[in-house]
Amino acid sequence: MGSPLNSNTTKSVSDTAASHHASIVTFLNEIKATSFEAMNAETPAQKRSLSYANTILQLFTEVMEKKQPADRVVGEYFRLNKKHGSKDRRVIRESLFALFRWWGWLSKFSSQLTTQTKPATWFTMLTVNARLESHSWEPFIAAWSEFADNEHALTVDDDSSLVSVTAKCDWLASQFPAIKFTTDELVPEWFWQTCPIDNIEQRLAMVEALSSRPPIWARVQNIETGEAIEKLAKLDIIATASEFFSDSINLGHKSINLNGLSLYREGELEIQDLGSQVVGQICAPNKDDNWWDTCSGAGGKSLQLRSLMLQQEKQAKGTIVASDVRRKPLEELAKRAKRAGFNGISASAWKSDELPVPHKHFDGVLVDAPCSCTGTWRRNPDMRWIDVVDSVNDKPALQLDILSRSSQGVKVGGTLVYATCSLSPLENEAVVNAFLAKHADFTLEVTTHPFTGEKATMHTVLPYQADTDGMFVARMQRKL
Ligand SMILES: C[S@@+](CC[C@H](N)C(=O)[O-])C[C@H]1O[C@@H](n2cnc3c(N)ncnc32)[C@H](O)[C@@H]1O
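Residues numbered from 1 in each chain as written. Predicted model: local features only at pLDDT ≥ 70, side-chain atom pairs only at ≥ 80, totals over all residues.

- You'll find the protein chain entered in an unreviewed UniProt entry as RsmB/NOP family class I SAM-dependent RNA methyltransferase, with Shewanella eurypsychrophilus given as the organism.
- Per UniProt, the protein chain carries the Sequence similarities (unreviewed entry) text "Belongs to the class I-like SAM-binding methyltransferase superfamily. RsmB/NOP family." (UniProt positions renumbered as here; feature names shortened; annotations may be inferred.)

### Notes on the overall build of the protein chain
1) Next: Across its full length, the protein chain holds 21 helices and 14 strands.
2) Next: Relative to the compact-globule value of 23 Å for 480 residues, the protein chain shows a C-alpha radius of gyration of 24 Å, a close match.
3) Next: Seen through its C-alpha atoms, the protein chain measures out along the principal axes to roughly 75 × 55 × 40 Å.
4) Next: Burial analysis of the protein chain (480 residues in total) assigns 43% to the buried set. (Helix = DSSP H or I, 4+ residues; strand = E, 2+ residues; numbered from the N terminus. Rg over C-alpha atoms; globule rule 2.2 N^0.38 Å. Buried ≥ 20, exposed ≤ 12 C-beta atoms within 10 Å, placed from the backbone.)

### Thoughts on the UniProt feature "binding site: S-adenosyl-L-methionine" (unreviewed entry) in the protein chain
1) Next: With numbering matched to this structure, UniProt assigns "binding site: S-adenosyl-L-methionine" (unreviewed entry) to D324 and D368. In three dimensions, the annotated residues from a span of 45 residues occupy one location, with a maximal C-alpha spread of 10.4 Å.
2) Next: Its place among the elements puts D324 in the loop between β6 (319–322) and α16 (327–340).
3) Next: Using a count of 23 C-beta atoms within 10 Å as the deciding quantity, one classes D324 as buried.
4) Next: For D368, a count of 25 C-beta atoms within 10 Å corresponds to the buried category.
5) Next: For D368, the contacting residues outside a window of four places in its chain are V279, C295, K301 and A419. (Contact = placed C-beta atoms within 7 Å.)

### So, the site of the ligand
1) Next: Neighbouring residues of the ligand: 15 residues in total, closest C295, G297, G300, K301 and D368.
2) Next: In terms of residue class, the shell around the ligand is built from seven nonpolar, four polar and four charged. (Near = placed C-beta within 6 Å. Nonpolar A, V, L, I, M, F, W, Y, C, P; charged D, E, K, R; others polar.)

### Quick look at the UniProt feature "active site" (unreviewed entry) in the protein chain
1) Next: With numbering aligned to this structure, UniProt lists the feature "active site" (unreviewed entry) at C421.
2) Next: As for its position among the elements, C421 is in the loop between β9 (410–420) and α20 (429–438).
3) Next: Apart from the residues within four sequence positions on either side, C421 is in contact with C371, C373, G375, T376, D469, G470 and M471.

### Topic: the nonpolar core
1) Next: Ranked by internal contacts, the top residues of the largest apolar core, which has 109 residues, are V367, V417 and Y418.
2) Next: Sorting elements by how many residues they give to this core places helix α2 (residues 44–66) first, with nine residues.
3) Next: The residues touching Y418, leaving out its near neighbours within four places in the chain, are V367, A369, L403, V431, V432 and A474.
4) Next: Counting 12 residues, the second largest nonpolar core, distinct from the first, contains A228, A239, L269 and A466. (Core = buried A, V, L, I, M, F, W, Y, C linked by C-beta atoms within 7 Å.)

### Focus on the sheet that holds strand β3 (residues 248–250)
Sheet strands pair via backbone hydrogen bonds, and the direction of the pair is either parallel or antiparallel.
1) Next: Strand order in the open sheet formed by four strands is β2-β3-β1-β4, and the pairing between neighbours is antiparallel. Strand pairing shows two members of the sheet lacking a second neighbour, β2 (240–241) and β4 (269–271), which therefore form its edges. (Pairing = 2+ DSSP bridges.)

### Looking at helix α7 (residues 118–132)
1) Next: The end-to-end C-alpha distance of α7, which contains 15 residues, comes to 21 Å, matching closely the 21 Å that a straight helix rising 1.5 Å per residue would cover.
2) Next: With 13 of 15 residues buried, α7 lies mostly within the body of the structure.
3) Next: Once α7 ends, the next one or two residues include S134, with phi positive near 50 degrees. (Expected span 1.5 Å × (residues − 1).)

### With respect to the pairing of β9
1) Next: A large share of β9 lies buried, amounting to eight of its 11 residues.
2) Next: Bridge count for strand β8 (residues 362–368) against β9 is six bridges, and the pairing is parallel. The residue bridging V367 from the neighbouring strand is Y418, located in β9.
3) Next: In this structure, β9 lies alongside strand β14 (residues 471–478), joined through six bridges in antiparallel fashion. Within the sheet, the bridge partner assigned to A419 lies in β14 and is V473.

### Thoughts on unusual backbone geometry
1) Next: Look at D236: it is not a glycine, yet its phi comes out positive at around 65 degrees.
2) Next: With respect to the helices and strands, D236 occurs in the loop between α12 (225–234) and β2.

### Considering the packing of helix α19 (residues 395–407) against α20
1) Next: Look at α19 against α20: their axes get within 10 Å of each other, and the N-to-C directions meet at 45 degrees. Viewed along their axes, α19 and α20 adopt a mutual orientation that is oblique. Here the hand of the crossing between α19 and α20 comes out right-handed. Only A430, V431, A434 and F435 of α20 make contact with α19, whose side of the interface consists of P396, Q399, L400, L403 and S404.
2) Next: By residue class, the composition of the contact of α19 with α20 is seven nonpolar, two polar and no charged. (Axes fitted to C-alpha atoms, helices over the stretch in contact; angles between N-to-C directions. Parallel < 35°, antiparallel > 145°, perpendicular 65-115°, else oblique. Left-handed = near helix turned anticlockwise from the far one by under 90°.)

### Concerning the packing of helix α4 (residues 86–101) against α7
1) Next: Running from amino to carboxyl end, α4 crosses α7 at an angle of 90 degrees, the nearest separation of the two axes being 9 Å. In terms of their interaxial angle, α4 and α7 are classed as roughly perpendicular. Taking contact as the criterion, the partners of S95, A98 and L99 in α4 are, on α7, L126, N129 and A130.
2) Next: Its residues placed into classes, the contact of α4 with α7 shows four nonpolar, two polar and no charged.

### Quick word on the environment of P356
1) Next: Structurally, P356 is set in the loop between β7 (345–347) and β8.
2) Next: Remark: the alpha-carbon pair of P356 and S406, spanning 50 residues in sequence, is separated by 9.7 Å.

### Observations regarding the confidence of the model for the protein chain
1) Next: Summarising the model, the protein chain shows a mean pLDDT of 95, and 98% of its residues fall at 70 or more.
2) Next: For this predicted complex, the interface confidence reaches an ipTM of 0.99, while the overall pTM sits at 0.95. (pLDDT = per-residue confidence, 0-100.)

### Section: the pairing of β6
1) Next: Relative to β6, strand β5 (residues 290–293) is paired through four bridges, and the arrangement is parallel. Looking at β6, one finds that W291 is bridged to I320.
2) Next: Of the crossover connections in this fold, the one passing from β5 over helix α15 (residues 300–312) to the parallel β6 is right-handed.
3) Next: With three bridges connecting them, β6 and β7 associate as parallel partners. Across the sheet, residue I320 finds its bridge partner in β7, namely I345. (Right-handed = clockwise from strand over helix to strand, strands pointing away.)

Laid out in structure tokens, this is it:
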């Protein structure tokens, strides 16, 4: 990766992004103000496609205007609107998330399709969106295309030809020759400012990964991985073992009702992205170690650390203290630990700047710091359009503060691990280097990147290396 640019440049990018966002919200509200009833819907498919178009518009506008996560907005909508069946939900949900995935291109229509009315532009967006994703609800796509009243049919001869972002970009250019499209613009410009990648191939691989969904990754606990795969197969869930960690499985892309799985209810399966699992593997706790997970949230990594101890010995004496400034996630961790039947995990909330644990006490301290979460954009494509450059720039001071305070818990000879799910060197290498500059008693250790085999002191797990979220991890040791 290159080095992030200076604050003047990011300020001008930030101003441009804010004014673009405001004009998009105005555009969406203008469409909302017009009535789709004026469209001449005759067939049942046309009527239903209008209703979908309207719902998707309401939800999309709400996410963009209120800057609230799409998952929360759509979840609340379906909670309040029980009329939708499972097919309706699928069309609405998948179209909505896809709009965010391709918004870097689709948003251009708002200002550059000047020959269309605004509602017709919305139908063009929905049609192109469905084509880019190769969605299968053809009667509704055909209806959207008719309402769009386009000079082009917006069809794809062979869906299998649109497999890469480059192919999609070429198809789009062929449909709209007057508009210029590039693959870089599928993520906001500020991403490239804060996560600069000079190498063109790596840049394209990053866009490709951020424009597709990763599979559901899970960790198997208490039982053998093969046994878990067999139990899932009996329920028609095809799971495959990961080639990297013996307790990891890939559950594919279909959503799963976890509470319907006895494997999950009995604590033998925990959902955890494979990239996130790298962090526990780099911590590599010994069976009788005492670890402190200082930003535990609901404890995804606390559970992993304990599981790694128990894999070494069923009666492993090791312990984990989990801390967070929020109480609710710690309560959730207690439930998950109970479900797994894990003893040895306790909670101690941060209530002030004072350590909630003894000084120089722990064999290992994990700081999974709050961050911009750019590494999780594959799962939350909306975040790239509702977050701003400050979501990166605001974090390093807090991250350094948490890392410095947490480091006091490490005993001499003990391990300190810093991790984020950010792809930005500002939140990663720069924070570790700033910490080391003030803490001569800590030194970096060389570790091996599990996916690439590279040996280095700091690793960024890139989403395209093993079809995961992005993560950063660095391991240090206290010398004095
Ligand atoms: C990246 S998330 C942790 C995810 C978690 N470790 C997991 O594996 O599921 C960061 C966590 O840091 C917590 N946090 C935010 N500010 C904090 C602070 N000043 N001190 C400690 N934790 C903080 C947040 O509440 C959040 O749960």
